[in-house]
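Chains, contacts and geometry: an overview
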Amino acid sequence: MADTEGNDQNPAIDQTPEEPSFSPQRLYLKDLSFETPKGTALFLRQWEPKIQQDLSTTSSKLGNDLFEVALRITITVKQEEDVLYLIEAEQGGIFKITGLSDQQLSQVLNTTCPNILFPYAREIIDSTVTKASFPPIMLPPVNFDSLFIAAVNEAKSDKSAMAVQEENPVAH
């Protein structure tokens, strides 16, 4: 008879789920570009600018529980068809995120992280624009939660539309 005491070949595996945690590790300016294509000529005329704002986010996994999220904001200021100036800022962040399901992780990467990055990008845009002697641009707050929900709903409707097309192919 073999002695089994003290000879555990079957160590207890910790089956408890990992406690969720979220921690920004580093926030940084990833890219900044400012252009005034018309040069000084734009200072010599009356202008009534039209402002266009584009916003996008990207995320990538860097390693164990580390993710990079980048928020890119592009502001184009035009008068009629002339671009008066264009500024693009990309604010990045490295975040340690553990213990979340894939759905929760997607939501955090697309809502919580951009919410943290946005004030930094807004400040660098405002600071750069005023240093270039233009009136400040006060970017309004962005509701990343509603943008995420809209993107998820759009993806769902696109999938259902694709499923309908596959079930009912159109012959030409």
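In case you missed it, the structure is sitting above this.
Residues numbered from 1 in each chain as written. Predicted model: local features only at pLDDT ≥ 70, side-chain atom pairs only at ≥ 80, totals over all residues. Heavy atoms only, no water.

1. Observations regarding the pairing of strand E4 (residues 82-98)
Across 13 bridges, the pairing between strand E1 (residues 21-35) and E4 is antiparallel. From the neighbouring strand, aspartate 31 faces E4, where its bridge partner is glutamate 90. Linkage of strand E3 (residues 66-79) to E4, two consecutive antiparallel strands, is achieved through a turn of two residues, within which glutamate 80 is found at a positive phi near 55°. (Pairing = 2+ DSSP bridges. Helix = DSSP H or I, 4+ residues; strand = E, 2+ residues; numbered from the N terminus.)

2. Here we look at the environment of tyrosine 120
Positionally, tyrosine 120 belongs in helix H1 (residues 102-131). For the pair tyrosine 120 and glycine 92, spaced 28 residues apart in the sequence, the C-alpha separation amounts to 9.5 Å. Contact partners of tyrosine 120, with chain neighbours within four places excluded, come to Leu27 and Gln91. (Contact = heavy atoms within 4.5 Å.)

3. A short note on the nonpolar core
In this structure, Ile73, Ile75, Ile97 and Ile125 are the most contacted members of the largest nonpolar core, which totals 27 residues. Mapped by element, the contributors of at least two residues to this core are E3, E4 and H1. In terms of residue count, the dominant contributor to this core is H1 (nine residues). (Core = buried A, V, L, I, M, F, W, Y, C linked by side-chain atoms within 4.5 Å. Buried < 20%, exposed > 50% of the residue type's maximum accessible area, 1.4 Å probe, protein only.)

4. Some details on the pattern of salt bridges
With the rule as written, the count across this model stands at five salt bridges. With a closest N to O distance of 4.0 Å, arginine 72 and aspartate 31 form a salt bridge. Of the two residues, arginine 72 sits in strand E3 while aspartate 31 sits in strand E1, which places them 41 residues apart along the sequence. Exposure remark for arginine 72: the relative accessible area of 26% places this residue in the partly exposed category. A residue is classified by how much of its surface remains accessible, and aspartate 31, at 31% relative accessible area, is partly exposed. Through salt bridges with shared partners, a single ionic network connects Asp31, Arg72, Glu88 and Glu90. (Salt bridge = Lys/Arg side-chain N within 4 Å of Asp/Glu carboxyl O.)

5. Considering the environment of isoleucine 94
Here isoleucine 94 is to be found in strand E4. In this structure, the C-alpha to C-alpha distance between isoleucine 94 and leucine 27, residues 67 residues apart in sequence, is 6.5 Å.

6. Thoughts on the side chain of glutamine 91
Relative to the helices and strands, glutamine 91 is located in strand E4. Exposure remark for glutamine 91: the relative accessible area of 5% places this residue in the buried category. At a separation of 3.0 Å, a polar atom in the side chain of glutamine 91 contacts the main-chain carbonyl oxygen of tyrosine 28. Among all residues touching glutamine 91, those that are not within four sequence positions of it are Leu27, Tyr28, Leu29, Lys30, Val69, Ala70, Leu71, Leu117, Tyr120 and Ala121. (Polar contact = N/O pair within 3.5 Å; in protein donor to acceptor, adjacent residues only side chain to side chain.)

7. Comments concerning the environment of lysine 30
Tracing the backbone through its elements, the reader meets lysine 30 in strand E1. Since its relative accessible area comes to 40%, lysine 30 is described here as partly exposed. C-alpha separation for the pair lysine 30 and glutamate 90, spaced 60 residues apart in sequence, amounts to 5.4 Å. If sequence neighbours within four positions are ignored, lysine 30 has contacts with Glu68, Ala70, Glu90, Gln91 and Gly92. A polar contact of 3.1 Å, which involves the side chain of lysine 30, links it to the side chain of glutamate 68.

Shape is all these values report; function is a separate question.
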